[in-house]
Amino acid sequence: MHHFAYRDGSLHAEGVDLNRIAAEVGTPVYVYSSATIERHYKLFEQALKKAVPAGKAHVFYAMKANGNLGVLKTLGALGAGIDTVSEGEVRKALAAGIPPEKIVFSGVGKSEQELRFAVEAGIYQINIESESELDLLSKVSASLGKRQEAVFRVNPDIGAGGHAKITTGSSENKFGVSFEEVGRLYGRAANMPGVRIMGLAVHIGSQIREIDAFEAAYSKMVALVGALKGEGHRVERLDLGGGLGIPYDIPKSFDYGPGLIEAYAEMVGRVTKGLDVELGFEPGRLIVGNAGILLTRVLHLNPRPTKQFLIVDAAMNDLVRPAMYEAYHEIWPVAEPAIGAPDVAYDVVGPICESGDTFTTGRVLSALKQGDLIAFMTAGAYGASMSSTYNQRLLVAEVMVKGDQYAVTRPRQSYEELIGADRLPAWFG
Ligand code: LLP
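Residues numbered from 1 in each chain as written. Predicted model: local features only at pLDDT ≥ 70, side-chain atom pairs only at ≥ 80, totals over all residues.

## Structural notes on the site of the ligand
Item 1. In the vicinity of the ligand there are 22 residues, among which Ala-62, Ser-206, Gly-242, Gly-284 and Tyr-382 approach most closely.
Item 2. A per-class count over the shell around the ligand returns eight nonpolar, nine polar and five charged.
Item 3. Two domains each provide a minimum of three residues to the shell around the ligand, namely domain 1 (4–31 + 290–420) and domain 2 (34–287). (Near = placed C-beta within 6 Å. Nonpolar A, V, L, I, M, F, W, Y, C, P; charged D, E, K, R; others polar. Domains from an automatic or database assignment.)

Now the structure itself:
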């Protein structure tokens, strides 16, 4: 369930009319519902609480899905930890007041500088993805007189996910060390001064709605934990990654319900039963996906003999998912369509100078006109966080709603900021 609904003929985010946000902040703009974020975080946490032994489940929200400070603060207040993938993300988690002992640092290509920053900050865990990174981490943290707690991210050779570009767990993908290597690496790490290996991590992909895929990967991990323990290695933590998918194609009245979340938690409880490890989770999309929309205005209608183009003021630089993954987003008009209003099939496109700047083709919507507002639904995850200034367009604004109030949590970039970020070479005088 989310908190975007029609009230008095117009779409609201919680208690705030989207017409008001568009008028006061302009478009395009992302609008987030804090109640929806809180709801999904709590659903996930409570499902885990029911399914695994008390105190054993630790949730690290994957900031890459949406790194807005307002979002991080909202989750931090609920006790969430954060999964990060760059120094920028570690810094932002700290800036949001997340304690370092609740920060995990993942990613295949951490630089020496990034590792140094994270170790100095005293973060909870670094997820090591290669032997080379193991060597570098030990060197860096030993030079700081520290011994960093870390886990090995293992590639389970089970790929899953909504699109080839977001599958990560296949051996064809760049992520993690192989099953065959991990015992040897454990052995090596035991003699390294700067690192203490605490266990394992796995993440197989994103937008996964089949519990079976997770179960296959997690079962392999549980077997590996047993084997490593049998060899005398310390395996106290098992980080199960993120990736649980959400419905993008929901009819307006549909209540998501906690079904998939509970099925996932139940499976985790069953597969890890008796393992006696701390379990980590890194959900991103599940927490923020349907807590956000991208609000945009119709700039022009361009009727052609064969189709009707609807040109809106948001573009692929603001929401790249349709162009990049052929992703589907529901489109809801802000003005509630009258019963019996005519339907039109639109190609909804942005102003950017390439044909890929297409949100959808042949989408049947109730007839729209210039100046109307529409919302791309389920845009809270990997929306603003993947936005850019392509075509010298301003970085999109972000707004957070709480009940009847809203706050601009990222003002739209100004042209001074956009152009002023460049530096002219001295030879231009
Ligand atoms: N942990 C790790 C190690 C990850 O690589 C990811 C996502 C997550 C957690 C969070 O996954 P989630 O729960 O959000 O599925 N930009 C793509 C999704 C890329 C996901 C990358 N890794 C999209 O818009 O669909």
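## Let's talk about the UniProt feature "binding site: pyridoxal 5'-phosphate" (unreviewed entry) in the protein chain
Item 1. Residues annotated by UniProt as "binding site: pyridoxal 5'-phosphate" (unreviewed entry) correspond here to Gly-243, Glu-282, Pro-283, Gly-284, Arg-285 and Tyr-382.
Item 2. Residue classification places Pro-283 among the buried positions, given that 27 C-beta atoms sit within 10 Å.
Item 3. Residue position: Tyr-382 is located in the loop between β19 (373–376) and β20 (397–402).
Item 4. The exposure class of Tyr-382 is buried, given the 25 C-beta atoms found within 10 Å. (UniProt positions renumbered as here; feature names shortened; annotations may be inferred. Buried ≥ 20, exposed ≤ 12 C-beta atoms within 10 Å, placed from the backbone. Helix = DSSP H or I, 4+ residues; strand = E, 2+ residues; numbered from the N terminus.)

## Structural notes on the domain arrangement of the protein chain
Item 1. Here the protein chain is described as being made up of domain 1 (4–31 + 290–420) and domain 2 (34–287).
Item 2. Taking only C-alpha atoms, the centre of domain 1 and the centre of domain 2 are 32 Å apart.
Item 3. Taken residue by residue, the interface counts 22 residues in domain 1 and 21 residues in domain 2.
Item 4. Looking at the side of domain 1 that touches domain 2, the elements that each hand over two or more residues are α11 (321–325), β20 and β21 (405–410).
Item 5. When residues of the side of domain 1 that touches domain 2 are assigned to their parent elements, the largest contribution, four residues, is made by β20. (Contact = placed C-beta atoms within 7 Å.)

## Some words on the nonpolar core
Proteins that are soluble and globular tend to have nonpolar side chains buried together.
Item 1. Val-31, Leu-200 and Ala-375 are the most contacted members of the largest nonpolar core, which has 118 residues in total.
Item 2. Of the residues that make up this core, three or more belong to each of domain 1 (4–31 + 290–420) and domain 2 (34–287).
Item 3. Setting aside anything within four residues of it in sequence, one finds Ala-375 in contact with Leu-11, Leu-18, Ile-293, Leu-294, Leu-295, Trp-332 and Val-334. (Core = buried A, V, L, I, M, F, W, Y, C linked by C-beta atoms within 7 Å.)

## Quick notes on the UniProt feature "binding site: substrate" (unreviewed entry) in the protein chain
Item 1. In the UniProt entry, the feature "binding site: substrate" (unreviewed entry) is given for Arg-285, Arg-321, Tyr-325, Glu-354 and Tyr-382. On the basis of their most widely separated C-alpha atoms, the annotated residues across 98 residues do not gather in one place, lying as much as 27.7 Å apart.
Item 2. One can find Arg-321 in helix α11.
Item 3. A count of 21 C-beta atoms within 10 Å places Arg-321 in the buried class.
Item 4. If near-sequence neighbours (up to four positions away) are discounted, Arg-321 is found in contact with Ala-327 and Tyr-382.
Item 5. The contact partners of Tyr-382, leaving out residues within four places of it in the chain, are Ala-65 and Arg-321.

## Description of the sheet that holds strand β1 (residues 4–7)
Strands pair in a sheet through their backbones, by hydrogen bonds, and they do so in one of two ways: parallel or antiparallel.
Item 1. Pairing within the open sheet is antiparallel, and its three strands lie in the order β1-β2-β3. The open sheet terminates on both sides in strands that have one partner only, identified here as β1 and β3 (16–17). (Pairing = 2+ DSSP bridges.)

## Topic: unusual backbone geometry
Item 1. Pro-28 follows Thr-27 through a cis peptide bond whose omega is -5°.
Item 2. Note that Pro-28 resides in the loop between α1 (18–25) and β4 (29–33).
Item 3. A positive phi is found at Asp-8, a non-glycine position, where the angle reads about 50°.
Item 4. Among the secondary structure elements, Asp-8 is positioned in the loop between β1 and β2 (10–13).
Item 5. We classify Asp-8 as exposed; it has 7 C-beta atoms within 10 Å.

## A closer look at the pairing of strand β6 (residues 81–84)
Item 1. Residues of β6 alternate between two faces, with Gly-81 and Asp-83 on one and Ile-82 and Thr-84 on the opposite face, all of them buried.
Item 2. Of the pairings in the sheet, the one linking strand β5 (residues 57–62) to β6 comprises three bridges and is parallel in character. Directly across from Phe-60, in β6, lies its bridge partner Gly-81.
Item 3. Crossover connection from β5 via helix α3 (residues 69–77) to parallel β6: handedness right-handed.
Item 4. Sheet analysis places β6 next to strand β7 (residues 103–105), joined by three bridges and oriented parallel. Note that in β7 the partner of Ile-82 across the bridge is Ile-103.
Item 5. Each parallel crossover has a hand, and the one from β6 via helix α4 (residues 87–95) to β7 is right-handed. (Right-handed = clockwise from strand over helix to strand, strands pointing away.)

## Quick notes on the packing of helix α2 (residues 34–51) against helix α9 (residues 259–271)
Item 1. Their axes nearest at 8 Å, the elements α2 and α9 cross at an angle of 35°. Where α2 crosses over α9, the two elements pack in a sense that is right-handed. Where α2 approaches α9, its residues Leu-43, Phe-44, Ala-47, Leu-48, Lys-50 and Ala-51 are matched on the opposing element by Ile-261, Glu-262, Ala-265, Glu-266, Val-268 and Gly-269.
Item 2. Of the residues that constitute the contact of α2 with α9, the class distribution is eight nonpolar, one polar and three charged. (Axes fitted to C-alpha atoms, helices over the stretch in contact; angles between N-to-C directions. Left-handed = near helix turned anticlockwise from the far one by under 90°.)

## Concerning α4
Item 1. Residues of α4 that are buried: Glu-89, Val-90 and Ala-93. Around the axis of α4, the buried residues are gathered within 100° of arc, so they sit on the same side.
Item 2. Residues of α4 that are buried sit in contact with α3, β6, β7 and α5 (112–121).
Item 3. Of the residues flanking the end of α4, it is Gly-97, one or two places downstream, whose phi is positive at about 85°. (Arc of directions from axis to C-beta.)

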